[in-house]
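# Descriptive structure summary
The primary structure of each chain is shown beneath.
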Amino acid sequence: MVSSPPKDLGGCCSTQLDAERKVGRRPSTVFFVVDVLDLRANRRLCGHADCTLSRNIGGCVRASFSCGFARSACVAPNHQRSTTTTARASRSGDTADDTTTNGVSMNTVTRTNERRLAVITGAVSGIGASLAELLVSKGWRLVLLNRSAKRTQPLVSKLLTIDADGECNVIETDLSDHASLQAAATQVTEQYGSVDALFNNAGVLRSDMVLSANENEMHFEVNTLAPYLLTRALSTALRNAVEVRGRAVVVTPSTSAIKMVKALDIATLRRGSKGGLTGAYAQTKLAWAVLNEHLAAEYRDDGIELFAVDPGINRTGMTTSNGAPLPVRLIWRLLPKPSAGASRLAAVLDEKWRGRSGTLLLGGKPKPIPSHAATPQLVKELLSIIEEAASCDASSAVDPKNNLT
């Protein structure tokens with residue numbers, strides 16, 4: 001059963017369909033929304049904007065972004081992976097390559113002249129949105145892992161005004177839900193094959209302690225564990241990018257507040273002790289800085305480079321939250337725009353940072369991890385907690401509220 005074309009395509013696909021029917025052609029260039037039963041069966045059609053819809057509908061450039069947004073707005077029940085069907089127009093110089101790399105089909109994804117792909121978490125507003133705008137302006141393709149596709153729609157529309165030929169796919173993802181995170185990573189890997197850059201931009205800053213469905217304190221769940229799990233889950237796609245272009249980058253925001261942490265408290269890291277910038281937020285960011293260095297060493301031979309970058313204090317929703325210090329909230333309107341923080345995160349994509357994996361950048365300059373947090377014993381204990389927390393799955397459908405940027 002087939003329904004009418006989605007409204008967000010502006011009726012362009014119905015116009016194309018009518019034209020093809022008149023000349024007796026099969027309407028192969030138009031995608032339709034399947035009926036409600038099919039949606040419940042987790043069937044998504046076009047989640048990839050590089051398809052005949054974005055190429056063959058005359059004058060409807062908006063479809064390039066709208067198509068990817070509309071399909072990804074359908075979230076599979078219980079976070080099961082959805083099936084995405086993508087059609088590609090035949091282009092000069094394209095060849096169908098059905099080879100398999102690391103168990104992942106690489107058909108048409110391994111062309112070195114194809115636009116680079118970046119995955120960004122928490123890109124609804126603030127630094128994440130500014131980062132998306134910056135990368136699109138430089139010709140990158142984007143996959144945005146956000147909690148709400150609906151809330152992402154204004155950003156997707158804005159990205160289109162920056163690059164009418166751009167490509168953006170929104171996948172609704174709850175980073176505090178391990179199944180949701182894994183499903184998103186699987187979809188990205190199967191759909192695109194390779195990922196050139198992963199930006200673990202999403203973060204939590206609260207004044208209180210809230211447990212996730214996995215019974216992990218939310219700062220730890222999103223600021224420390226989620227970047228670890230997502231980096232692991234996308235490692236095959238990152239390696240594939242290295243084989244194509246020689247480099248893949250993982251960037252995770254840090255904070256200068258880690259310098260105020262007197263000791264990395266492994267015992268309370270997973271459950272938390274107190275909120276705020278210098279509490280659980282700084283603790284979990286310091287924990288990530290340690291993991292960043294550890295993973296950098298592990299992935300060095302694979303060509304995957306990791307950076308922990310302080311974007312600075314910017315004018316975002318996070319710095320207006322109760323978790324931010326009162327002085328910061330009072331001068332909020334005087335803070336730099338989110339684009340300043342986005343530029344710092346994107347700076348490590350520059351070739352001058354090649355070969356400097358594991359770097360911690362605070363205030364725009366490389367800094368060592370505080371010596372008290374870099375002892376072999378603490379690293380061992382941290383990895384043990386991470387592995388223990390990673391193996392924990394939610395036993396109930398709890399949906400705690402949190403501040404994701």
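Residues numbered from 1 in each chain as written. Predicted model: local features only at pLDDT ≥ 70, side-chain atom pairs only at ≥ 80, totals over all residues. Heavy atoms only, no water.

## Some thoughts on the overall build of the protein
- If you tally the helices and strands in the protein, you get 14 helices and 12 strands.
- When each of the 405 residues of the protein is scored for burial, the buried share is 55%.
- The contacts of the protein with a sequence gap of at least 6 include a subset with a gap of at least 24, amounting to 75%.
- Taken as a whole, the protein presents about 17500 Å² of accessible surface, with 51% of it coming from carbon and sulfur. (Helix = DSSP H or I, 4+ residues; strand = E, 2+ residues; numbered from the N terminus. Buried < 20%, exposed > 50% of the residue type's maximum accessible area, 1.4 Å probe, protein only. Contact = heavy atoms within 4.5 Å. Areas by Shrake-Rupley, 256 points an atom, 1.4 Å probe, with all protein chains shown as cover.)

## What to know about the nonpolar core
- Ranked by size, the top nonpolar core spans 61 residues in total, and within it Val119, Val143, Val188, Leu234, Leu306 and Leu382 carry the most contacts.
- Excluding its chain neighbours within four sequence positions, the residues that come into contact with valine 143 are Leu117, Ala118, Val119, Ile120, Asn169, Ile171, Val188 and Tyr192. (Core = buried A, V, L, I, M, F, W, Y, C linked by side-chain atoms within 4.5 Å.)

## Quick word on a nonpolar patch on the surface
- Side chains of Leu326, Leu330, Ile331 and Leu334 sit close together on the surface and give an oily, nonpolar patch of about 460 Å² of accessible area.
- Take isoleucine 331: it is sitting in the loop between helix 12 (326-330) and helix 13 (338-347). (Patch = residues over 30% accessible without salt bridge, like charges linked within 9 Å, V, L, I, M, F, W, Y side chains within 5 Å. Salt bridge = Lys/Arg side-chain N within 4 Å of Asp/Glu carboxyl O.)

## Considering the pattern of salt bridges
- Throughout the structure, instances matching the rule amount to 11 salt bridges.
- Among the salt bridges present, the one from arginine 245 reaches aspartate 196, with a minimum N-O distance of 2.8 Å. Of this pair, arginine 245 sits in helix 9 (residues 235-245) while aspartate 196 sits in the loop between helix 7 (178-192) and strand 8 (197-199), and the two are 49 residues apart along the sequence.
- The exposure class assigned to arginine 245 is partly exposed, which follows from its relative accessible area of 25%.

## Topic: the confidence of the model for the protein
- Summarising the model, the protein shows a mean pLDDT of 75, and 69% of its residues fall at 70 or more.
- Segment residues 1-112: pLDDT under 50, and 201 contacts once partners within four positions in sequence are set aside and those in other chains are kept.
- When the criterion is pLDDT under 50, residues 394-405 qualifies, and its contacts beyond four places in sequence or with other chains add up to 33 contacts. (pLDDT = per-residue confidence, 0-100.)

## A short note on the environment of serine 180
- For serine 180, the position within the fold is in helix 7.
- In terms of polar contacts, serine 180 uses its side chain to reach the backbone amide nitrogen of aspartate 174, at 2.9 Å. (Polar contact = N/O pair within 3.5 Å; in protein donor to acceptor, adjacent residues only side chain to side chain.)

## So, helix 11 (residues 277-299)
- At glutamine 283, helix 11 shows its strongest bend, of approximately 25 degrees.
- Across the 23 residues that make up helix 11, a large majority, 17, are buried. (Bend = angle between axes of the 7 residues up to and from the residue.)

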